[in-house]
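Structure at a glance
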Amino acid sequence: MPRPIQATIHTESLRHNLARIRLAAPDAKVWGVVKANAYGHGIERVWEGMRGADGFALLDLQEAERVRALGWRGPILLLEGVFEARDLELCSRLNLWHTVHCDEQIDMLATHKTHQPHRVFLKMNSGMNRLGFAPQRFRGAWTRLDALPQVDEISLMTHFSDADGPRGIAQQVKVFEDITRDLPGERTLSNSAASLRFGAEPMVRADWVRPGIAVYGSAPDFPDHDAAHWNLLPAMTLASRIIGVQHLAADDTVGYGSNFTADGPLRIGVVACGYADGYPRHCNTGTPVLVDGVRTRIVGRVSMDMITVDLSPVPHAALGTEVTLWGRASNGTVLPIDEPARAGGTVGYELMCALAQRVPVAVE
Ligand SMILES: *Cc1c(COP(=O)(O)O)cnc(C)c1O
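Overview of the structure. Every chain is numbered on its own, with residues counted from 1 as its sequence reads. Local features in this predicted model are restricted to residues of pLDDT 70 or higher, and side-chain atom pairs are both shown and tallied only at a pLDDT of 80 or more, whereas totals for entire chains, interfaces and linings draw on every residue. The side-chain quantities take in all heavy atoms of the structure and omit both hydrogens and water.

1. Regarding the pattern of salt bridges
A side chain with one charge can pair with a side chain of the opposite charge if their charged atoms come near. To keep things clear, this is the line we draw: The salt bridge definition used is simple: a Lys or Arg side-chain nitrogen within 4 Å of an Asp or Glu carboxyl oxygen. Only DSSP runs of H or I with at least four residues qualify as helices, and only runs of E with at least two residues qualify as strands; both kinds are numbered from the N terminus onward.
Throughout the structure, instances matching the rule amount to 22 salt bridges. The salt bridge involving Asp 178 is made with Lys 174; its shortest N-O contact spans 2.7 Å. A residue pair is termed a helical-turn pair when its members lie 3 or 4 positions apart in one helix, as Asp 178 and Lys 174 do in helix H8 (residues 170–180) at 4 residues. When the shortest N-O distance is used, the salt bridge between Arg 181 and Asp 178 registers 3.3 Å.

2. Remarks on the site of the ligand
Quick note on the threshold: Working definition: residue near molecule or strand if any one of its non-hydrogen atoms lies within 4 Å of it. We define a polar contact as two N or O atoms separated by no more than 3.5 Å, with the added condition that, inside protein, one atom must be a possible hydrogen donor and the other a possible acceptor, whereas residues neighbouring each other in sequence contribute only through side-chain atom pairs. All accessibility values rest on the Shrake-Rupley procedure with a 1.4 Å probe; residue burial counts only the protein chains present in the view.
Around the ligand, the neighbouring residues are Val 33, Lys 35, Tyr 39, Leu 79, His 159, Asn 191, Ser 192, Arg 210, Pro 211, Gly 212, Ile 213 and Tyr 349. The side chain of Tyr 39 places a nitrogen or oxygen atom 2.5 Å from an oxygen atom of the ligand. At 2.5 Å from an oxygen atom of the ligand is found a side-chain nitrogen or oxygen belonging to Ser 192. Look at the ligand: alone it shows 390 Å² of surface, and the protein chains cover 93% of it.

3. Thoughts on the packing of aromatic side chains
As a reminder, the rule being used: Each pair of aromatic rings taken from Phe, Tyr and Trp, with Trp reduced to its six-membered ring, is defined by centres within 6.5 Å and is described as stacked if the planes are under 30 degrees apart, edge-to-face if over 60, and tilted in the remaining cases. We call a charge positioned over a ring when the NZ of a Lys or the CZ of an Arg lies within 6 Å of the ring centre and within 35 degrees of the ring normal.
For the structure shown, the criterion picks out 11 aromatic pairs. With a centroid separation of 6.0 Å and 75° between ring planes, the pair formed by Trp 31 and Phe 121 is classed as edge-to-face. Of this pair, Trp 31 sits in strand S2 (residues 29–33) while Phe 121 sits in strand S6 (residues 118–124); the two residues are 90 residues apart in sequence, bridging distant segments of the chain. Each residue in the set Trp 31, Trp 97, Phe 121 and Trp 208 is aromatic and connected to the rest through ring pairs, giving one cluster. A cation over a ring is seen here: Arg 119 above Trp 97, with NZ or CZ 4.1 Å from the ring centre.

4. Describing unusual backbone geometry
Heads up, the rule is: Throughout this description, buried means an accessible area under 20% of the type-specific maximum (1.4 Å probe, protein chains only), exposed means over 50%, and partly exposed covers the range between.
Between Phe 222 and Pro 223 the backbone carries a cis peptide bond, its omega angle lying at 5°. On the secondary structure map, Pro 223 appears in the loop between strand S9 (208–209) and strand S10 (236–248). Although it is not a glycine, Ala 38 adopts a positive phi angle of roughly 55°. Within the secondary structure layout, Ala 38 lies in helix H2 (residues 35–39). Residue class for Ala 38 comes out buried when judged on its relative accessible area of 0%. Even without being a glycine, Asn 129 presents a positive backbone phi close to 60°. Position of Asn 129 relative to the elements: it lies in the loop between S6 and helix H7 (135–146).

Next up, the structure:
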């Protein structure tokens, strides 16, 4: 028997979450964001669940090739645009739309030989200060692009820094609006958090929304709101089984560094899952897990191949009992990925993206 750890991708959840986004941002077209191998889920594995999107947004040319190989003839957007001039050849060949966020990318386009002009998304840095033209330079870039025979339609894009937090998006929306008001072209502004929280505003949802994390079932603004609040379902379950049981007495310790000490008799289960599977080592004592669908906690340190869990709430647990690290247990109980993520000082994004190669993945 193989080591019992297993990830499962839930096709129905992906469909459901996509529908949730459409409800939150009515009449906007939806980019299914599948960068980072569909946030660790696997582009091919999410395909059935996400093919109902209007387009796919990603970063890697190889990932764009994989989406085309799946038979997708609709829009694909390179969220960071091209990295060097010859990438444009593949854009022409695969008919990829691409972001333009700096002068150098316009220079590359200006010398690119193509029969088919490109659709580009001109990106404004409206306050995040990562990629994009500063507001006062945006219209100059637009004029330059507009004059190029290599460019067909110009769409307008920006990205929010605080869509999930108390600062919100109003300031960035205003900056974007002030500069772009009279420019033609489609607009795309909103990630998952903006789509869910502010998608009712036509200016915010605009022509396209770009949800990633919500499609995968994680609440973008956890812990202010959880996945249940947004009616999102987990797209990934990481499950394993108990492979050993120990009976501790008072003052016994567990695992490396002995950083958990039992204060009385305690039954613990050893689970086949560790940081080499992508489970964060920062998830220390207290991190929630489900054993046979019942909520309990990690005790002691996460090691490379194993974790140890408190079996007190599940006295019937034994060798082979199901353990759910995140996602949905067999009895239907859900442990949102956001909970262990938070216990480990990070976010659901990082956990799903870090699912290790050695974990077998099934699609259901
Ligand atoms: C990753 C990304 C998104 C999706 O963000 P989520 O928070 O996962 O919804 C949207 N837009 C851009 C430019 C991105 O890089």
